[in-house]
Amino acid sequence: MSKYVINGGRKLNGQIDINGAKNSVLPLLAAALLTDEPVRIGNCPILTDVDNMIRIITSLGASVNRDGSYIEIKSAGLCAYEIPKRQAKELRSSVFLMGSILGRMKKAKVAYPGGCDIGLRPIDIHLKALSELNVKIVEKYGYINCDANMMKASNVFLDYPSVGATENIMLLSAISEGITIISNVAREPEIVELQNFLNSMGAKIEGAGSSCIKIEGVRKLKGTDYYAMPDRIVTGTIMMAVALCGGDVVLNYTNHTHIDAVISKLRKSGCNIIVESDKICIQSFTRLNSLGYVETGPYPGYPTDLQAPLAALASTADGTTILVENIFENRFKHLPELCKMGANIRVKDRIAFISGVKQLTGAEVIAMDLRGGASLVLAGLSASQLTVVHDIQHIERGYENLDKIFVALGADIIKIC
Ligand code: EPZ
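**Q** Looking at this model, I keep getting lost on the environment of Leu-33. Mind explaining?
**A** Within the secondary structure, Leu-33 is located in the loop between α1 (22-31) and β3 (39-42). Sequence spacing of Leu-33 and Ser-100 is 67 residues, and the spatial spacing of their C-alpha atoms is 6.2 Å. When sequence neighbours within four positions are dropped, the list of residues in contact with Leu-33 reads Ile-57, Leu-60, Ala-62, Ser-75, Leu-78, Leu-97, Ser-100 and Arg-104.

This is the structure we're talking about:
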């Protein structure tokens, strides 16, 4: 298992280019199956989650060519509609392939993706929405068997603004006859991006970014050439590293409007942040103030994917930060690892009480999940002495060359395979 070895305590200075968004490219790759014409997507990050998605769509009969950050998908040869257990487990996000496969093949057989590092991850909201569109669903032997031959466009209400469920219904309804209206949808930027991508293929979708999306199904979608949006979670993670370590960094090719909630918290903590077009400049020269009370919530609330990096930042802020994780039930596994580095954190249910200490001390810690692992890297970058972060395969699911990014900004971090 690979690890990062970090000699902490250095400030971060310079500039970095932000890569494409994992949580946007994954649904765009699923959407590419909706047409038998070639689709090209630029600005795709090189990540294991993207590799796994490519493996799954190839197993369904599509052909995929990758050239650096460009991916071309040709799914004229799409011939299968089953996602086996191992693949579904390897990549939970394969669940929104259901919508695409049903749209093209009218049938889908997907293994239950099951839980993951951060929670049980049920898909009841996906299934309820599909059944409201008259998709016949039979759950048997750990598989979900869906039949969309009798599918009927309709009004669908999501009991919770689930990102994946919103994406699944958009994908299925885009090429299904009739008008589907989904209420109480997720409003994340990745949903807007999926609408723009599908509309560039000839779909007729409106309302993404609001709480209601209208989809007028079309008979056929055409190919497209699309450039994916920047990764807002990578942007926020790097900004928190600068806030935590101190320094002056410009982030290029990003979109500050996607992380208003994060920018507001970082300004409150004492960082100086200047935004202009696709750049963000963040400066941090003094010890941070406590972040006060932070609750994660659906967009535009504070993003759950930046809860763990914020915990690292709060660990050395001046005062107590109260962090409430409202989205996933098991997303505090990085906190005991931060305590090994001297953090003063108490947890009760989904609330973490973090009393800032002057500085963390390096230690051997273990990454338990993607964003928790990133928070341990940030802690190591700011800590005195040496930190070793084990099991970094979790981190490489969602961060492209995280060590190289920080070396470019002056940090002393190396990856040992
Ligand atoms: C997406 O997951 C992201 N993943 C997650 O990022 C992100 O944390 C999450 O949205 C919330 O923003 C991708 O886009 C690939 P949800 P998703 O459906 O779609 C519950 C990362 O670190 N729920 O909005 O799975 C669910 O258990 C990952 O990059 C149901 O109960 O999120 C969770 O508590 C982690 N039933 C909450 O809703 C359902 O049918 C939010 O889930 C579906 C969801």
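Here the narrative resumes.
**Q** What am I meant to see in the site of the ligand here?
**A** Around the ligand sit 22 residues, and of these Asp-124, Ser-162, Asp-305, Ile-327 and Arg-371 come closest. Gly-164 is positioned such that a nitrogen or oxygen atom in its backbone is 2.8 Å from an oxygen atom of the ligand. Within the backbone of Ile-327, a nitrogen or oxygen atom sits 2.5 Å from an oxygen atom of the ligand. For the ligand, the protein covers 87% of the area, taking 830 Å² as the surface of the free molecule. Of all the elements in the fold, those that place two or more residues in the shell around the ligand are α1, α5 (124-132), α6 (163-174) and α12 (370-382).

**Q** Mind showing me how you'd approach α6 here?
**A** Side chains of residues three or four places apart in an α-helix project in the same direction, reflecting 3.6 residues per turn. With 12 residues, α6 extends 17 Å from end C-alpha to end C-alpha; this agrees with the ideal 16 Å at 1.5 Å per step. Among the 12 residues in α6, 11 count as buried, and that is most of the element. Residues of α6 that are buried include every one of Gly-164, Ala-165, Thr-166, Glu-167, Asn-168, Ile-169, Met-170, Leu-171, Leu-172, Ser-173 and Ala-174, and no others. Of the residues flanking the start of α6, the one acting as N-cap is Ser-162, its side-chain oxygen 3.5 Å from the backbone nitrogen of Gly-164.

Criteria and thresholds
- Residues numbered from 1 in each chain as written.
- Predicted model: local features only at pLDDT ≥ 70, side-chain atom pairs only at ≥ 80, totals over all residues.
- Heavy atoms only, no water.
- Helix = DSSP H or I, 4+ residues; strand = E, 2+ residues; numbered from the N terminus.
- Contact = heavy atoms within 4.5 Å.
- Near = heavy atom within 4 Å.
- Polar contact = N/O pair within 3.5 Å; in protein donor to acceptor, adjacent residues only side chain to side chain.
- Areas by Shrake-Rupley, 256 points an atom, 1.4 Å probe, with all protein chains shown as cover.
- Expected span 1.5 Å × (residues − 1).
- Buried < 20%, exposed > 50% of the residue type's maximum accessible area, 1.4 Å probe, protein only.

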